[in-house]
Amino acid sequence: MGGIVAYDHLIPAPKDGADGEPAVGYYLVAEPSVVHFNSEGEPTVKSVKVTAFKVVGGEVSPYGGASVMIYYDTGGSVVKSVPVLNPATLTPSAGDAAKYSRVDFRLIISGNVVATISIPYVSNGSNGTNGKDGTSFVVKGTANGHAASEEDVPAGAKGLWLLDSVIAGGLALWYPEELGGSSAAVGDAYIINGDIWVAGDKAWKDLGQFRGPEGAQGPRGAQGSPGPMSYLAGEWQSGVTYTRTEDLIPVVSHKGFYWRPDGDISILNIEPSADNDDWELVSKDDMVFARIVMSDFGKFGSAIMVGDYLFSQFGKLNGETIDENSSKKDTAYTQFNADNPEDSTMFVPSLWINFRTGELHCKQGFFHGEVNAESGTFNGTVNANDGIFKGICRQPFVLYEGVVINADGSSYSALDKFDNVSLPMSSSGWNIALELPWTMSCIGRKLTIANFEWLGVRGSDNYVATAPLGCQFYEGGRIYKDLYINREIVELLGYGDTNRFYGWIVINRVPINKYKYSKPSMVFCMGSVTAVRTGKTTGTVTLSRWSSSNGVSKDDVTVTRVETGKYTIKFPVTAVPNDDYIPIVTGSIAGTTTDAKAVYACVAAKSKGSFTVLTADDDSLNEGGFNFVLLDPNGWDL
């Protein structure tokens, strides 16, 4: 096995284990460890496999970094150097023994050679004499100590002790408590406090520890200053200057390997190779920890990790789009501003995550499962196929300030962006024109417009909106071209189909103050009276029907026949609270006995709690019935 050769060329690891941390080391193993050539110059093996291993404490694992394969001529001078990836393969050819004396493999990490192994090229000659038998040792167990002789064993010692004195032809295995022991054979080994002791011909030999004891936990070190950030500068090119600074390290790919400037220097027109001192071979470990975008190393693909941030390699650099086709895609992200990730003068990624604050910014997102959020702000349009709101869903009122013209000629108003709009207060005495939106996006939209008060100021003017050609307003079963908005709140619903916006449906008007027109009628009460003529001057009268908006019962209302054709209706003040009401009456002969062919009715008197009606068909009164409605005019300017 080539491991024996590798052990002969071990080089101390670049970092010793600190207190509380295991040591780190590397070594190489070659199989086979020597290449023999027969008398005809043909190699006796087809290939040699060289494997690198990494040791962390007591754990050993294969290491896949890069090595350099160096060929030496028969005089011991370097002929050529070839970078290879571990595990590496050496393939000798016929006649190589005449050109090369050996091939070395060097494992390099961060510019340091951490392990090496030599593969000698040996031409077979005549058989030599047999050499002396080699030696080995076998670990038999543990011992408590070592002494030169029995007399040197401390008083009170217990257990097995290793003595350099001889018992029964071998070194002594002594038990002080029993004052006796046995002998060890040459090559027997015992472990004392982590050290391995091997029996020789005349004395025990301490070969030292395989692994040092674990140290106590050391104090926490001070925060180190940020190191330089490496970035992938693409394939190496002649004519391009590659500059390494204390902040940035360019990494280039060349012939299947990655290289970086060896120190804070600028390199121009020097091809990366193991034969010059300007370039340094970048190992796999360096690639993993250097925050470089390396998909072929299984790194982060197009994601960058810096400080608390993980962000995309793509985005915008000072407004310029950086995508996979951009010539700056491998350097733009170095201009990321961690203090202000949305700084438009620097590099703004299309996605970034701050792992310290939990903040996420992205260009777009698709969620195929449930999304739970405690709060949120949407600055643009939100499209949803379905939705259920279990809490408050509201939109504040905003002030309509007319149409705003953008620099590109486009326009917008508050009515385009908001569903609850308050109109400006005005008292000019004129109807003020109002521009409503008439686009397909208004289909199904509910728009609420208020014309009453804003910031403590009330107005008296009315607004009027005119429908464009092909659109209308729909209200109360009729179609209008103009919509008047008085001191009220009007609710509109956009109506249309997949091809056309028809217009706005007025679904409600809510009065706020006195109105001039278009106010729903406010009815106090209504009823019907029938009269029966029983004689020339006698008769009866009946309240045949009664309805009240205030819940007053028919039993609380009386109708009195004063004389022929004259009737008085009395009602409680809960039905009509004052004398400011308007009675409307119409004559009726339905259910009435009269000598008149037709009955005409008029209001003869009205007061708080009663009104009087006269019925006739000419200048003289006649018995007759009538219907009545009492209206409330207080919401009107009458």
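Residues numbered from 1 in each chain as written. Predicted model: local features only at pLDDT ≥ 70, side-chain atom pairs only at ≥ 80, totals over all residues. Heavy atoms only, no water.

### Overview of the overall build of the protein
Threshold: Helix and strand labels come from DSSP, where a helix needs a run of H or I of at least four residues and a strand needs a run of E of at least two; each type is numbered from the N terminus. Any two residues having at least one pair of non-hydrogen atoms within 4.5 Å are treated as being in contact. For the accessible areas, the method is Shrake-Rupley and the probe is 1.4 Å, while residue cover comes only from the protein chains on display.
For the protein, the count of helices and strands is four helices and 52 strands. Taking as baseline every contact in the protein between residues at least 6 positions apart, the subset at least 24 positions apart corresponds to 53%. Split by element, the accessible area of the protein, about 37400 Å² in all, is 51% carbon and sulfur.

### Description of the packing of aromatic side chains
We count it as follows: Think of it this way: a Phe, Tyr or Trp ring, Trp meaning its six-membered ring, pairs with another when their centres are within 6.5 Å, and the plane angle makes it stacked under 30 degrees, edge-to-face over 60, tilted otherwise. Classification of residues uses two cut-offs on accessible area relative to the type maximum, computed with a 1.4 Å probe and protein chains only: under 20% is buried, over 50% is exposed, and between them is partly exposed. Whether a charge lies above a ring is judged from NZ of Lys or CZ of Arg, which has to be within 6 Å of the ring centre and within 35 degrees of the ring normal.
According to the stated counting rule, one finds 22 aromatic pairs in the structure shown. Ring centres 6.4 Å apart and planes at 70 degrees place the aromatic pair Tyr100 and Tyr121 in the edge-to-face group. Pair noted here: Tyr100 is in strand 8 (residues 100–109) and Tyr121 is in strand 9 (residues 112–123), with a separation of 21 residues, a long-range link. Taking the relative accessible area as the measure of exposure, Tyr100 reaches 10% and is therefore buried. The exposure class assigned to Tyr121 is buried, which follows from its relative accessible area of 8%. Pairing Phe571 with Phe611 gives two aromatic rings, centres 6.4 Å apart and planes at 45 degrees, and the pair type is tilted. Residue Phe571 is located in the loop between strand 48 (566–570) and strand 49 (582–588), and its partner Phe611 is located in strand 51 (residues 610–616); the two are separated by 40 residues in the primary sequence. Here Phe611 falls in the buried class, since its relative accessible area comes to 1%. Ring pairing ties together the aromatic residues Trp546, Tyr567, Phe571, Tyr581, Phe611, Phe626 and Phe628, which thus form one cluster. For Arg102, the ring lying beneath its charged end belongs to Tyr72, and the centroid distance is 3.7 Å.

### Topic: the nonpolar core
Our working definition: Within this scheme, the nonpolar core is defined by two criteria: the residues are buried Ala, Val, Leu, Ile, Met, Phe, Trp, Tyr or Cys, and they are joined through side-chain atoms within 4.5 Å.
Grouped together as the largest cluster of nonpolar side chains are 25 residues, with contacts concentrated most on Leu90, Phe105, Ile119 and Tyr121. Elements represented by at least two residues in this core include exactly strand 1 (24–31), strand 2 (35–37), strand 3 (48–56), strand 5 (66–73), strand 7 (88–90), strand 8 and strand 9.

### Here's the deal with the pattern of salt bridges
Heads up, the rule is: Here, a salt bridge means any side-chain nitrogen of Lys or Arg that lies within 4 Å of a carboxyl oxygen of Asp or Glu.
Within this structure, the stated rule accounts for 13 salt bridges. Across the salt bridge formed by Asp104 and Arg102, the nearest N and O atoms sit 3.0 Å from each other. With relative accessibility at 26%, the residue Arg102 sits in the partly exposed group. Among the salt bridges present, the one from Glu271 reaches Lys255, with a minimum N-O distance of 3.3 Å. One end of the pair, Glu271, is in the loop between strand 22 (266–268) and strand 23 (279–281); the other, Lys255, is in the loop between strand 20 (248–254) and strand 21 (257–261), with 16 residues separating them in the sequence. One connected set of salt bridges, linked through shared partners, spans Arg244, Arg260, Asp264 and Glu280.

### What about the state of the cysteines?
Quick note on the threshold: The term disulfide is used for any two cysteine sulfur atoms that are within 2.5 Å.
Inspection of every chain in the model, using the stated rule, returns zero disulfides. Cys471 provides the cysteine sulfur closest to Cys442, a residue in no disulfide bond, and the two sulfurs are 9.6 Å apart. A relative accessible area of 2% places Cys442 in the buried class.

### Observations regarding the confidence of the model for the protein
How we decide: The predictor attaches a confidence to each residue, and that confidence, scored 0 to 100, is pLDDT.
Residues with a pLDDT of 70 or more make up 88% of the protein, whose mean pLDDT is 82. Across residues 1–17, where pLDDT falls below 50, the model places 37 contacts with residues more than four positions away in sequence or in other chains. Low pLDDT, under 50, characterises residues 288–299; the stretch is placed with 32 contacts to residues that sit more than four places away or in other chains.

### Observations concerning the pairing of strand 13 (residues 170–175)
Worth spelling out the cut-off: A pair of strands is treated as paired once DSSP finds two or more bridges between them.
Counting buried residues in strand 13 gives five out of six residues, a clear majority hidden from the surface. Relative to strand 13, strand 12 (residues 161–167) runs antiparallel, the two sharing five bridges. Residue pairing for strand 13: Trp161 is matched across the bridge by Trp174. Counting the residues in the hairpin turn of strand 12 and strand 13 gives two residues, including Ala168, whose phi is positive at 50 degrees.

### Structural notes on the sheet that holds strand 2
To keep it simple, the criterion reads: Note on geometry: axes are lines fitted to C-alpha atoms, helical ones only across the stretch in contact, with angles between N-to-C directions running from 0 to 180 degrees.
The strand order 2-9-8-5-6 describes an open sheet built from five strands, whose pairing is mixed. The sheet is open, and its two edges are formed by strand 2 and strand 6 (78–85), each paired on a single side. Across this sheet, the average inter-strand angle for adjacent strands is 20 degrees, counted without regard to direction. As defined by bridge partners, strand 5 adjoins strand 6 across seven bridges and the pair is classed as antiparallel.

### Regarding the environment of Asn38
By the element assignment, Asn38 lies in the loop between strand 2 and strand 3. On the accessibility criterion, Asn38 (29% relative accessible area) is partly exposed. Separated by 86 residues in the primary sequence, Asn38 and Asn124 have C-alpha atoms spaced 5.4 Å apart. Here Asn38 is in contact with Thr44 and Asn124, once residues within four sequence places are set aside.

### Description of unusual backbone geometry
Note the cis peptide between Glu31 and Pro32, where omega equals -10 degrees. You can see Pro32 is positioned in the loop between strand 1 and strand 2. With a phi close to 55 degrees, Asn318 is a non-glycine residue in the positive phi region. Along the chain, Asn318 turns up in the loop between strand 26 (315–317) and strand 27 (320–322). A positive phi is found at Leu455, a non-glycine position, where the angle reads about 55 degrees. For Leu455, the position within the fold is in the loop between strand 37 (453–454) and strand 38 (457–458).

### A short note on the environment of Ile117
With respect to the secondary-structure elements, Ile117 resides in strand 9. Judged by its relative accessible area of 0%, Ile117 is buried. Between the alpha carbons of Ile117 and Ala30 there is a distance of 7.7 Å; along the sequence they are 87 residues apart.

### Here's the deal with a nonpolar patch on the surface
Applied cut-off: In this scheme, patches are assembled from residues that exceed 30% relative accessible area and form no salt bridge. Like charges are connected within 9 Å, while nonpolar side chains (Val, Leu, Ile, Met, Phe, Trp, Tyr) are connected within 5 Å.
Judged by side-chain polarity, Phe137, Val139, Ile191 and Leu207 come together as a nonpolar surface patch covering roughly 310 Å² of accessible area. On the basis of relative accessibility, which here comes to 42%, the residue Val139 falls in the partly exposed class.

### With respect to the sheet that holds strand 12
If you walk across this open sheet you meet the four strands as 11-12-13-14, and the pairing is mixed. With one partner strand each, in any of the chains shown, strand 11 (145–147) and strand 14 (180–184) form the two edges of the open sheet. Ignoring which end each strand starts from, the neighbouring axes of this sheet average 40 degrees apart. Sheet analysis places strand 11 next to strand 12, joined by three bridges and oriented parallel. From the neighbouring strand, Gly145 faces strand 12, where its bridge partner is Trp161.

### Details of the environment of Glu488
Mapped onto the secondary structure, Glu488 falls in strand 43 (residues 488–496). Glu488 sits in the buried class, given a relative accessible area of 1%. Between the C-alpha atom of Glu488 and that of Phe452, which follows or precedes it by 36 residues, the distance is 6.4 Å.

### A short note on the side chain of Asp461
Here is the rule we go by: Within 3.5 Å is the distance limit for a polar contact, defined as a pair of N or O atoms, with the added protein rule that one can donate a hydrogen and the other accept it, and that residues adjacent in sequence qualify only through two side-chain atoms.
Mapped onto the fold, Asp461 is located in the loop between strand 38 and strand 39 (463–466). At a separation of 2.6 Å, a polar atom in the side chain of Asp461 contacts the main-chain amide nitrogen of Gly429. Ignoring anything within four residues of it in the chain, the contact list for Asp461 reads Ser426, Ser427, Ser428, Gly429, Trp430, Ile432 and Asn451.

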